[in-house]
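# Residue-level structure breakdown
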Amino acid sequence: MGARKHNAAEKRKEALKNLYFAKLKGVPSSPRKMRYVVDMIRGMEVNRALGVLRFSKKQAAADVEKLLRSAVANWETKNDRKADEGELYISKVFVDEGVTMKRMRPAPQGRGYRIRKRSNHVTLFVDAKTNDEK
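Residues numbered from 1 in each chain as written. Predicted model: local features only at pLDDT ≥ 70, side-chain atom pairs only at ≥ 80, totals over all residues. Heavy atoms only, no water.

### Some details on the packing of aromatic side chains
On inspection of all chains with the given rule, the structure shows three aromatic pairs. The interplanar angle of 35° and the centroid separation of 5.3 Å between the aromatic rings of F21 and F125 together place this pair among those described as tilted. Here the residue F21 occupies a position in strand β1 (residues 20-27), and F125 occupies one in strand β5 (residues 120-128), the gap between them amounting to 104 residues. Here the aromatic residues F21, F94 and F125 are joined through ring pairs into a cluster of three or more. Sitting above the plane of the F125 ring, K92 keeps its charged end 4.5 Å from the centroid. (Phe/Tyr/Trp six-rings, centres within 6.5 Å; stacked < 30°, edge-to-face > 60°. Helix = DSSP H or I, 4+ residues; strand = E, 2+ residues; numbered from the N terminus. Lys NZ or Arg CZ within 6 Å of the ring centre and 35° of its normal.)

### Description of the sheet that holds β1
As a general point, the strands of a sheet are linked pairwise by backbone hydrogen bonds and lie either parallel or antiparallel. Strand order in the open sheet formed by three strands is β1-β5-β2, with antiparallel pairing between adjacent strands. Strand pairing shows two members of the sheet lacking a second neighbour, β1 and β2 (88-97), which therefore form its edges. Neighbour-to-neighbour, the strand axes of the sheet open up by a mean angle of 15°, direction not taken into account. Along the sheet, helix α4 (residues 60-79) makes contact with β1, β2 and β5, crossing β1 at roughly 145°. (Pairing = 2+ DSSP bridges. Axes fitted to C-alpha atoms, helices over the stretch in contact; angles between N-to-C directions. Contact = heavy atoms within 4.5 Å.)

### Re α4
Its 20 residues place the ends of α4 29 Å apart at the C-alpha level, agreeing with the 28 Å of an ideal helix rising 1.5 Å per residue. If you check which residues of α4 are buried, you get A60, A61, V64, E65, L67, L68, A71, V72, W75 and E76. Taken together, the buried residues of α4 touch β1, α2 (31-41), α3 (46-54), β2 and β5. (Expected span 1.5 Å × (residues − 1). Buried < 20%, exposed > 50% of the residue type's maximum accessible area, 1.4 Å probe, protein only.)

### Observations concerning unusual backbone geometry
Even without a glycine there, the phi angle at D80 is positive, about 55°. Taking the relative accessible area as the measure of exposure, D80 reaches 69% and is therefore exposed. Unlike most non-glycine residues, Q109 shows phi in positive territory, near 60°. Assignment of secondary structure puts Q109 in the loop between β3 (101-106) and β4 (112-117). The exposure class assigned to Q109 is exposed, which follows from its relative accessible area of 71%.

Structure representation (structure tokens):
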């Protein structure tokens, strides 16, 4: 049974070799706030998305911009060349819920209100437009 698990892990690694992505884990903002930013750039060409993120007023936009730059760098590393202008686009991006820290806030008459400090994980995939045309 151990050999079967080992083979599955190797197959998963092989499948990831032709995907270009970056992950951002444990971002201290709620997943809902992050999804507003991610929905703005889903499916966009990379340079246009970087422009949108740069001028967005949302605080989460700075985190997503850094993540997008990382995904592009990962693509360039795996392909041993620089990305051409307009070649890359955001193929897939999603936000998952992270851990929720639970805190208590003092409330009137000896009660305590619960505060949930949410966090999220963002995964962003980039791909070259030339791959789809072939």
